[in-house]
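# Observations on the model geometry
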Amino acid sequence: MDFMNTLRIALRALSRNKLRSALTMLGIIIGVGAVIATVSIGQGAEYLIQQGIESLGTNAVFIAAGSNRAGARTGFWGVRTLTVEDMEAILREVPLIRSAAPVVFTRAQVVYQNQNWRPRIEGTTPEYFQIRRWGVQAGGIFSEDEVRSAANVCVLGVTVARMLFGNQDPIGQTIRIGEIPFRVVGVLEAKGQSAMGEDQDDRLIAPYTTVQRKIAGITWIHYINASAITKDAAQAAVPQIEALLRERHRIRNPEDDDFFVSTQSDVAEMATQTERVMNLLLGSIASVSLIVGGIGIMNIMLVSVTERTREIGVRMAVGATEADVRRQFLVEAVTMSMAGGVIGIASGLVGSWAIAKFLGWPTLISATAIVIATVVAAGIGILFGIYPAWKAAQLDPIEALRYE
Amino acid sequence: MSIEAKSGPTANTASGGHAELIRLENVHKIYHLGEVQVHALRGVSLQIGRGEFVAVMGASGSGKSTLMNILGCLDRPTRGSYFLDGTDVSQLSKVELARIRNQKIGFVFQQFNLLPRTSALENVELPTIYAGLSPAERHSRALAALERVGLADRAHHFPSQLSGGQQQRVAIARALVNRPSILLADEPTGNLDSRTSVEIMDILQHLNEEEGLTVVLVTHEHDIAQYAKRVLEFRDGRIRKDYQVSDRWVAREVLPTLPVLDDLETVELGAQDAPAPGPVSSSEVW
Ligand SMILES: Nc1ncnc2c1ncn2[C@@H]1O[C@H](COP(=O)(O)OP(=O)(O)OP(=O)(O)O)[C@@H](O)[C@H]1O
Ligand SMILES: [Mg+2]
C-alpha cells in the first residue's frame, strides 16, 4: 500500500474524532509552542547581550569595588576602598589601558517645576561617553574643568528628559536634585533596554566630583570603566591591574580582594553560561511536556486500536499484511504528532510576537528551533505510536472480525 | 421440499469433472483453551473443483466456520494439508497468506463487516488498495463490481444509509473486486429476511453460472442450501454427508413468486436493526 493512501486513511480516521484528536495533540502543541516562544525570547536576550558587548567595545575592562569573602559576594557596593587615585594609578602604571572613567551612582529625586522623577544618578568624567560610545542627541557633555570644579551640570537620558520636560527643550534649563540646582547641558542618544531588561535611558549623568560631594556624600567610587588598547590587551591587563590594586590596598591574599576586574570576554562567557543553563531548563521542560504529549497519543492510539478491532480484521481479511496495519496506525500517530508540532510552532510564533508586542521583550525567531521542533514532533509520534501499531498488527484476524 | 442425496456421505471427490481448486487432506483443527482442547475439525478431507457452488451445513459448533477460516487462509490447520490452486497453503508465511487472501479469496460475512462512515465505493475499493492498483484502476474496478451487484447508483452512500440486503451486496462487490477464484460466505443470509436472502442467492447463482466463480457458503437454512449445487453436512468436526443437490432452485425464478412488501422501508429497517424474520416465512411461500 502506497504512502499517500496510508496518509489519506490516517487523516480520515483522525478527522472522524476531531475533538479527541485535537485534545490529544494539545500536549505536543503546548510543548512545542512553549519551546518556540521561550527560545525566541532567549535568542532576543542573547542578541541584546551581544549588542551590549559590542556597544561597550571588546576592549572594555570593568573594575568594580566589592569583596569576595567567605566565597560569596558580600557588600558589593559597600566597599569604600576604590578611589579615583586607584584609577589614576592604573592609567599611569598599566600602559595597556588607554583610558578610564570612574563611576559613582545613586538614586535621587529630580525636580523640574512641578514634575519630578527618580532616575539613576551617575557621576563620572567625559571619558565615560567615549568609552561607552554614547553620544548626545542634543546639547553637549560636561568638560574636564567642570569635573574639577564640581560644577552643577548634568546630561539627561531620554527617559528622564521626557518625564521632566515632556516636549520642551531641556537644554539650558535648571533642574533640582534635592535642594541643589543643576543646569542641563545635553540629552543622551536613546539606548533602549539592556539585556537585563532595565531602561538604560533612565539615568542622569553629572561630574563624579559633584555626585560624590553634593549628592551621595562619599569619597570613594563604585567602579571604573576602562578601555584597553586592544582586545588581547584587555585580557593581559587584568592581572596587572589586580597586582597594582592589591599593592595599593595592601592585600596579600587574592581571596581578600576588595575589587573585581573583568573584561567583555568574561561577560560574554557569563552570557553563554547563562544561556547554557537556560537551554538546559528549556530542554527539560520541553521534554517533559513532549513525553506527556506522547503518552497522550499512545493512549488514544490504543483506544483507537480497540475501537477499530473489527476494521483491522476486515482489512486483514481482504489482504492487509501485518506491516500494512502497523504502518497505518504508525502514520496516524505521526500525523497527529506532526500536526501538533506544526500548530505548536504556529502558536509559539504568535506567542513570541505577542510577547514582543505587549511586554516589550525582545524576541528573535530561530529557524533551528523550528526545524528541531518538527523533527522531535515526528520522533514523538513514531516513539509512542510504535506500541499501539504493533498491537494492532498482532491482532488475530478471526478474533478481530468477531470482536463486538 | 426435501433434499435428495445423489451420492453417499463418504463421497468427497470433486464433482462433474471440474478442475480441482481446493483439496483438504485429513485436516485437524484444535483450539487450546487453557487446559481444555477443543477439537473443532477432526480429519476433514475434501475436494472442490472450479465452478462449484457448495453449501456447508451442520449444527452449531460443528466446525463450519472453522473450516471456512482455513479455506480462507485466515487460519492454518493444526494438522493435515490444504492445497489451494495446487499450492500447499499450510506451509505459507503470514505475508504470503495475506497475499492469497487478497488475490484469490473473496469473503462475505454474516455481519457484512463494512467500514462505517465509509462510502460503498470506498468499501469496495479496500482490497484493491492492498493489491497495489493505481487509483484510476481501483476506482473503475470498484464501480464495475458495484454494477455487478446492481448498486452502482448507491456508490456514494454510507453503510448506515443502506438496507441490510444492500450492505451485503456491497460486501459481495468488495469480495469480487480483486477477481478472486473463490468466494467464501459464512452465513451471508443469516441477518436478512427471506426475500432479501433469495436476492443474495440470485447474485451468487449468477456469479457462479455466468462467470464461473466458485462459491462456498455456510448456511443453517435448507432453503438456502437448495440454491447450491452441492451440500456438505458437518457434524462434530467431520463431514457426515456430501451430495449433489437435485432439483436445484433458481433464485431468478423464485423471486417473482415472493411477495414484495408495499412499504419497502419496513423491510430495510427490519433487516438492518435485527435479524428479523421476513414478514412471510419461507415455508409459507413454498
Ligand atoms: N478461537 C476459538 N477458541 C476456542 N474454541 C473455538 C474457537 N473457535 C471455535 N471454537 C470451537 O470450535 C468449535 C467449532 O466452532 P465453529 O465456529 O467452527 O462452529 P460453527 O459450525 O461455525 O457454529 P455456528 O453454526 O454456531 O457458527 C466450537 O466448539 C467452538 O466452540
Ligand atoms: Mg459459524
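Residues numbered from 1 in each chain as written. Chains lettered and ligands numbered in written order. Predicted model: local features only at pLDDT ≥ 70, side-chain atom pairs only at ≥ 80, totals over all residues. Heavy atoms only, no water.

### Things to note about the overall build of chain B
What counts is decided by this rule: Comment: elements are numbered from the N terminus, with helices defined as DSSP H or I runs of at least four residues and strands as E runs of at least two. Throughout, exposure labels follow a simple rule: accessible area from a 1.4 Å probe, protein chains only, divided by the maximum for the residue type, with under 20% read as buried, over 50% as exposed, and the rest as partly exposed. Note that accessible areas follow from Shrake-Rupley with a 1.4 Å probe, and for residues the cover is restricted to the protein chains shown.
Along the backbone of chain B there are 10 helices and 10 strands. When burial is assessed residue by residue, chain B has 54% of its 286 residues classed as buried. Put simply, chain B shows about 12,400 Å² of open surface, and 49% of that area lies on carbon and sulfur atoms.

### Notes on the sheet that holds strand β9 (residues 230-235) of chain B
All names here are of chain B. For clarity, the cut-off: In this scheme, strands are said to pair when DSSP sees at least two bridges between them. Each axis is a line fitted through C-alpha atoms, and for a helix only the stretch in contact is used; angles between axes span 0 to 180 degrees, taken between their N-to-C directions. Pairs of residues are marked as contacts when any of their non-hydrogen atoms sit within 4.5 Å.
Taken together, 6 strands build an open sheet; the order of strands is β6-β7-β8-β3-β9-β10 and the sheet is mixed. Each edge of the open sheet carries a strand with a single partner, namely β6 (105-108) and β10 (238-244). Sheet twist, expressed as the mean angle between neighbouring strand axes with direction ignored, is 15°. With 6 bridges connecting them, β9 and β10 associate as antiparallel partners. In the strand pairing of β10, V231 is matched with Y243. Helix-sheet contacts for helix α5 (residues 164-176) involve β6 and β7 (182-186), and the interaxial angle to β6 is about 170°.

### Focus on empty space enclosed by the protein
To keep things clear, this is the line we draw: Think of a 1 Å grid over the protein atoms and nothing else: a 1.4 Å probe that fits but is trapped marks a cavity, an open set flanked by protein within 12 Å on at least five of seven lines marks a pocket, and residues with an atom within 4 Å of a point count as lining. Grid points are joined across faces, edges and corners, and a volume is the space filled by probe spheres set on the points. Under the scheme applied here, ten amino acids are nonpolar (Ala, Val, Leu, Ile, Met, Phe, Trp, Tyr, Cys and Pro), four are charged (Asp, Glu, Lys and Arg), and all others, including Gly, are polar.
A full pass over the atoms with the stated rule returns 2 cavities of 30 Å³ or more. For the largest cavity, the calculated volume is near 240 Å³. What lines the largest cavity is a set of 16 residues, among which I9, R12 and R315 of chain A together with L115 and T118 of chain B lie closest to the centre. Secondary structure elements with two or more residues in the lining of the largest cavity: α1 (3-16) and α10 (309-317) of chain A together with α3 (120-130) of chain B. Here the residues of the lining of the largest cavity sort into 5 nonpolar, 3 polar and 8 charged. Each pocket or cavity is described by its volume, and for the second largest cavity that value is around 80 Å³. The wall of the second largest cavity is formed by A317 and V318 of chain A together with R101, N102, I105, G106, F107, P127, R174, A175, N178 and P180 of chain B. Elements with a contribution of two residues or more to the lining of the second largest cavity: α2 (94-104), β6 and α5 of chain B. Broken down by element, the lining of the second largest cavity gets its largest block of residues, 3 residues, from β6 of chain B. Each residue belonging to the lining of the second largest cavity can be placed in one class, and the counts come to 7 nonpolar, 3 polar and 2 charged.

### Details of the confidence of the model for chain A
Our working rule: A score from 0 to 100, pLDDT tells how confident the predictor is in each residue.
Residues at a pLDDT of 70 or more form 96% of chain A, whose mean pLDDT is 88. Every residue in residues 70-75 of chain A scores below 50 in pLDDT, and together they form 7 contacts with partners more than four places removed in sequence or on other chains.

### Observations regarding the interface of chain A and chain B
Short version of the rule: In this description, buried area is defined as the sum, over both parts, of the accessible area (probe of 1.4 Å) that is lost when the two are combined. Every case where a carboxyl oxygen of Asp or Glu lies within 4 Å of a side-chain nitrogen of Lys or Arg is listed as a salt bridge. For this analysis, a polar contact is any N or O atom pair within 3.5 Å, provided that within protein one partner can donate a hydrogen and the other can accept it, and provided that sequence-adjacent residues contribute only side-chain to side-chain pairs.
Facing 23 residues of chain A, the contacting portion of chain B comprises 23 residues. Among the residues of chain A in contact with chain B, R16, V318 and I398 of chain A are the three that bury the most area, contributing 25% of the side total. Across the chain A-chain B interface, the total number found is 2 salt bridges. Between E322 of chain A and K94 of chain B there is a salt bridge, with the nearest N and O atoms lying 2.9 Å from each other. Linking chain A with chain B are 9 residue pairs in polar contact (both at pLDDT 80 or more). Each residue belonging to the side of chain A that touches chain B can be placed in one class, and the counts come to 9 nonpolar, 4 polar and 10 charged.

### Examining the site of ligand 1
Operational definition: Note on terminology: near, applied to a residue and a molecule or strand, indicates that one of the residue's heavy atoms is within 4 Å of it. By definition, a pocket or cavity contains a molecule when more than half of the molecule's atoms lie within 2 Å of the pocket's grid points.
Inspection of the region around ligand 1 gives 15 residues, with S60, G61, K64, S65 and T66 of chain B positioned closest. Site remark: ligand 1 is flanked by residues from chains A and B. Measuring from an oxygen atom of ligand 1, one finds a side-chain N or O atom of S60 of chain B at 2.4 Å. When the free accessible area of ligand 1 is taken as 630 Å², the share hidden by the protein chains comes to 72%. Because more than half of its atoms lie within 2 Å of the grid, ligand 1 is assigned to the second largest pocket. Secondary-structure elements contributing two or more residues to the shell around ligand 1 are β1 (20-33), β2 (36-49) and α1 (64-71) of chain B.

### Structural notes on the domain arrangement of chain A
Interfaces are often described in size by the accessible area the parts lose on coming together. As a reminder, the rule being used: Either an automatic procedure or a domain database provided the assignment from which the domain bounds are taken.
Under the domain assignment used here, chain A contains domain 1 (3-52 + 270-402) and domain 2 (83-257). Each of domain 1 of chain A and domain 2 of chain A was reduced to a C-alpha centroid, and the two centroids are 53 Å apart.

### A closer look at the environment of V303 of chain A
All names here are of chain A. With respect to the helices and strands, the residue V303 is situated in helix α9 (residues 264-307). Residue V303 is classed as partly exposed on the basis of its relative accessible area, which comes to 33%. Distance in space between the C-alpha atoms of V303 and R92 is 79 Å, their sequence separation being 211 residues.

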